[in-house]
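Fold and geometry: a report
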Amino acid sequence: MEFATFILAAQRGYHQSCDSVIGNSIEQAIASEQAGFNTAWFAEHHFNNYSLVPSPLMMVAHCAGLTSTIRLGTGVCVLPLYQPQRLLAEIGFADIVSNGRLELGVGSGYQQFEFERFGVDVDQAPAVFAEYLDILLKGLNQKVFEHNGQYEKIPLTAISLRTIQRPAPPIWIACGSARSMCRAYREGHNLFVTAFHNGLENLRTLRETIEAAAASRGKDVTAAKIGLLRCCYASDDQAEIDSYLDNARFQRRLSEALHQRRQQSRDGYLLQETPTQQDLSFETMRQNLPIGSVSRVIDRLLEEISILKPDQIAIQTQLGDFDQKTMLRQIELWGDKIIPAINKSLGQVKA
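Residues numbered from 1 in each chain as written. Predicted model: local features only at pLDDT ≥ 70, side-chain atom pairs only at ≥ 80, totals over all residues. Heavy atoms only, no water.

As recorded in an unreviewed UniProt entry, the protein chain goes by the name LLM class flavin-dependent oxidoreductase, listed as coming from Mesorhizobium intechi.

We now examine a nonpolar patch on the surface. A contiguous nonpolar patch, built from Phe93, Ile96, Val97, Leu161 and Ile164 and spanning about 390 Å² of accessible area, is present on the exposed surface. By secondary structure assignment, the location of Ile164 is in the loop between β6 (153-158) and β7 (171-174). (Patch = residues over 30% accessible without salt bridge, like charges linked within 9 Å, V, L, I, M, F, W, Y side chains within 5 Å. Areas by Shrake-Rupley, 256 points an atom, 1.4 Å probe, with all protein chains shown as cover. Salt bridge = Lys/Arg side-chain N within 4 Å of Asp/Glu carboxyl O. Helix = DSSP H or I, 4+ residues; strand = E, 2+ residues; numbered from the N terminus.)

Next up on the list: the packing of aromatic side chains. For the structure on display, the rule yields 10 aromatic pairs. Taken together, a centroid distance of 5.5 Å and an interplanar angle of 80 degrees make the contact between Trp41 and Trp172 edge-to-face. Placement of Trp41 in strand β2 (residues 39-42) and of Trp172 in strand β7 is noted, with a sequence separation of 131 residues between them. No difference in accessibility class separates Trp41 from Trp172, as the two residues are buried. Members of the aromatic cluster, each reached through a chain of ring pairs, are Phe6, Trp41, Trp172 and Phe192. Taking the ring centre of Phe196 as reference, the NZ or CZ of Arg252 above it sits at 3.8 Å. (Phe/Tyr/Trp six-rings, centres within 6.5 Å; stacked < 30°, edge-to-face > 60°. Buried < 20%, exposed > 50% of the residue type's maximum accessible area, 1.4 Å probe, protein only. Lys NZ or Arg CZ within 6 Å of the ring centre and 35° of its normal.)

Attention now moves to the pattern of salt bridges. Counted under the stated rule, the structure contains 20 salt bridges. The salt bridge involving Asp246 is made with Arg12; its shortest N-O contact spans 2.8 Å. Linking Asp246 in helix α8 (residues 238-259) with Arg12 in the loop between β1 (2-7) and α1 (18-35), this pair joins segments that are 234 residues apart in sequence. A relative accessible area of 25% means that Asp246 is categorised as partly exposed. Classification of Arg12 as buried rests on a relative accessible area of 18%. A salt bridge links Arg186 to Glu187; its shortest N-O distance comes to 3.6 Å.

A few words on the sheet that holds β1. Two strands in a sheet stick together by hydrogen bonds in their backbones, pointing the same way (parallel) or opposite ways (antiparallel). Taken in spatial order, the eight strands close into a barrel running β1-β2-β3-β4-β7-β8-β9-β12, and their pairing is parallel. Neighbour to neighbour, the strand axes of the sheet diverge by 25 degrees on average, direction disregarded. Strand direction decides the pairing type here: strand β8 (residues 190-194) and strand β9 (residues 226-230), joined by four bridges, are parallel. When the sheet's bridge partners are listed, Thr194 is paired in β9 with Leu229. (Pairing = 2+ DSSP bridges. Axes fitted to C-alpha atoms, helices over the stretch in contact; angles between N-to-C directions.)

The next point concerns the side chain of Glu304. Of note, Glu304 is situated in helix α10 (residues 294-308). Glu304 has contacts with Leu200, Leu203, Leu228, Arg230, Asn288, Leu289, Pro290 and Lys309, leaving out every residue within four places of it along the chain. (Contact = heavy atoms within 4.5 Å.)

According to the stated counting rule, one finds one cavity of 30 Å³ or more in the structure shown. Its boundaries defined by the atoms lining it, the largest cavity holds a volume of some 50 Å³. In terms of lining, the largest cavity is formed by Leu88, Gly139, Leu140, Ile159, Leu161, Arg162, Thr163, Arg166 and Pro167. In the lining of the largest cavity, the residues fall into five nonpolar, two polar and two charged. (1 Å grid on protein atoms, 1.4 Å probe; cavity = no way out; pocket = protein on both sides within 12 Å on 5 of 7 lines; lining within 4 Å. Points joined across faces, edges and corners; volume = space filled by probe spheres on them. Nonpolar A, V, L, I, M, F, W, Y, C, P; charged D, E, K, R; others polar.)

Within β8, four of the five residues are buried, which leaves it mostly tucked inside the rest of the structure. Bridge count for β7 against β8 is three bridges, and the pairing is parallel. Of the residues in β8, the one forming a bridge with Trp172 is Asn190. Handedness of the β-α-β unit built from β7, helix α6 (residues 178-187) and β8 comes out right-handed. Remark: the β8/helix α7 (residues 200-216)/β9 crossover connection has right-handed handedness. (Right-handed = clockwise from strand over helix to strand, strands pointing away.)

Dropping the structure here:
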């Protein structure tokens, strides 16, 4: 089982400076390598405090010089907000400076607030994403390529910066629908999925959807790697757990508001956290998620792994204004106890 950290780089309020948020995110990536995580993922968002990383490839390039073994991933590049020609060169650059450690996560995006400010219609995002991914695949696999599509017309073009990984870095598609899962299986990409703060039944439904997508393309479900984004936290300190849950719920509230095209902001930047009917209590979140003592987290993750059968679990480490020193200790705890215990148990099951 691979383990990753997912670094959102959120800013919960003005008591957090933007440089401290980015600095903490970089520090968590370095700590992730030291703890033995396989990958550090960096999000992409714009124009508000939900996430302060405008370019995950820039984070990859920077962290490449501060690490040596951990793989560095874009979680995700929002394709409709890019010129695919330029993105191809930046992908090549990031893979080169990371010595072939780039994991390329891509998605269509969902936040109208961002799209409006780039002059892009969010309702066309799925179609634009599909075409731009076609362009990326051409540019990564061909020395020269051309494209004549609905959204882009590119004459014969060569990308000077070629990736070290051939023919391309692993591509992960953020799969929020069966359609995106089907494309992943059709073209041999990996899947990045989330169960949000829901429990085992949601994971069972997610597994069924993945299996159906694979079958619809005549593929074995193991033909693609499955990555699960999950909120997880291990501690016997109830105050720590409550703080983590509070920040996780804060991030979910903002994400839901942006998805529903509601931007509650008094100053045009800082999003206001608003409780919704979809809110879960801390008790429900503790029941649904791998949250609690080390033994509880291990047992719950093993149960979730048996249901979803993922190849990688990406735990959310950078949430809101959760205390940085406490989170660095949490990352170390995963490397010392949780990851070895889970892999030992999985090894015993396979044997």
